[in-house]
Each structure stands twice: as C-alpha cells, then as structure tokens.
Amino acid sequence: NQAKAMLHLNRSLVNLKLGRLEAAKWDADRSIDHYRASGAVSRSQDDNEDGSDSISSDLVICKALFRKGQAIMGIVQIEIKKGKKEYWDVSRVQKMTSQASKC
C-alpha cells in the first residue's frame, strides 16, 4: 500500500503540472487512502528507533494534502474565471488547511 501511495503522490504532481486538476485531486486522495490503509500513519515515532517510517509517512500525507489543496485552488480559480457561482464548502477547505498546518 505504501508503494501505491507514493505512485499516486507522484502522479498527482504530474497531473498538476499538466493542468489535470481533477485527476491530481483524485490521485492525492488515493495516496492518503493507501497510506491510511497501510497503517503507516497511525504509528508513532517511538515504534522505530529513528522514527524514520512515521516521519516519512507524515511527510507523504502532508505532500498529498498540499497537492490536493493546489488542485482545489486551481479548480476554484477556473470556476471563478468562468463566472460560476457555485457553493464551495468553506469548512472542508478550513479542515484541510488545519490538517496541512499540523505537518
């Protein structure tokens, strides 16, 4: 699961660079899902002598949240330029910002 998480994280970056924002968001979500499913996120630094696994998993989660945020911001900017006045869930964005700031 951790290898899949890294693959999705890398593909999310590629999709961001190519302007495929929905795909980038989807890959970032899958990366988070795979890391959570692997149990790597729930371990503490004390589980390993040097804490390397938990630190790297925390970094992956932070990167995935950051890339997801970038994709959402890009999507919102496009929607605004198109003049769409759709409702955006502000509390959801605040939750992701809060999670990312803890990294």
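Notes on the structure follow. Everything numeric here is computed off the predicted structure, so don't read it as measured data. (Residues numbered from 1 in each chain as written. Predicted model: local features only at pLDDT ≥ 70, side-chain atom pairs only at ≥ 80, totals over all residues. Heavy atoms only, no water.)

## Details of the overall build of the protein
Each helix and strand in the protein was counted, giving 4 helices and 0 strands. Ordering the α and β elements of the protein from the N terminus gives α-α-α-α. Total accessible area on the protein is roughly 6900 Å²; 54% of this is exposed by carbon and sulfur atoms. (Helix = DSSP H or I, 4+ residues; strand = E, 2+ residues; numbered from the N terminus. Areas by Shrake-Rupley, 256 points an atom, 1.4 Å probe, with all protein chains shown as cover.)

## Here we look at the nonpolar core
The biggest cluster of nonpolar side chains holds 8 residues, and these are Ala-5, Leu-9, Ile-32, Tyr-35, Val-60, Ile-61, Ala-64 and Leu-65. At 4 residues, the largest contribution of residues to this core is made by helix H3 (residues 52–81). Sequence-distant contacts of Val-60, defined by excluding residues within four places in its chain, comprise Met-6, Leu-9, Ser-31 and Tyr-35. One finds Leu-16, Leu-21, Ala-24 and Ala-71 within the second-largest nonpolar core, a separate group that totals 5 residues. (Core = buried A, V, L, I, M, F, W, Y, C linked by side-chain atoms within 4.5 Å. Buried < 20%, exposed > 50% of the residue type's maximum accessible area, 1.4 Å probe, protein only. Contact = heavy atoms within 4.5 Å.)

## Regarding the side chain of Arg-67
Checked against the element boundaries, Arg-67 lands in helix H3. Those residues in contact with Arg-67 that sit more than four places away from it in its chain are Leu-9, Asn-10, Ser-12, Leu-13 and Leu-16.

## Section: helix H1 (residues 2–17)
Counted at 1.5 Å a residue, the expected span for H1 with its 16 residues is 22 Å, and the 23 Å between its end C-alpha atoms agrees. Here H1 has its buried residues at Ala-5, His-8, Leu-9, Ser-12, Asn-15 and Leu-16. All buried residues of H1 project into a common sector of 125° when viewed along the axis, lining one side. The exposed residues of H1 that point more than 90 degrees off its buried face are Ala-3, Leu-7 and Lys-17. (Expected span 1.5 Å × (residues − 1). Arc of directions from axis to C-beta.)

## Quick word on the environment of Val-14
Relative to the helices and strands, Val-14 resides in helix H1. Along the sequence, Val-14 and Ala-24 sit 10 residues apart, while their C-alpha atoms lie 7.7 Å from each other.

## Here we look at helix H2 (residues 21–38)
Here H2 spans 26 Å end to end across 18 residues, near enough to the 26 Å set by a 1.5 Å rise per residue. Of the residues one or two after H2, Gly-39 is the one with positive phi, at around 80°.

## Considerations on the pattern of salt bridges
A full pass over the atoms with the stated rule returns 4 salt bridges. A salt bridge links Arg-11 to Asp-27; the shortest N-O distance between them is 2.8 Å. Taken together, the residues span a long stretch of sequence, with Arg-11 in helix H1 and Asp-27 in helix H2 at a distance of 16 residues. Among the residues examined, Arg-11 registers a relative accessible area of 42% and is labelled partly exposed. Exposure remark for Asp-27: the relative accessible area of 2% places this residue in the buried category. Measuring nitrogen to oxygen at the nearest pair gives 2.7 Å for the salt bridge that ties Asp-29 to Lys-68. You can see Asp-29 sitting in helix H2 and its partner Lys-68 sitting in helix H3, a full 39 residues away along the chain. Like Asp-29, the residue Lys-68 is buried in the burial classification. A network of salt bridges, in which partner residues are shared, links Lys-25, Asp-29 and Lys-68. (Salt bridge = Lys/Arg side-chain N within 4 Å of Asp/Glu carboxyl O.)

Any link to function would need more than the numbers given here.
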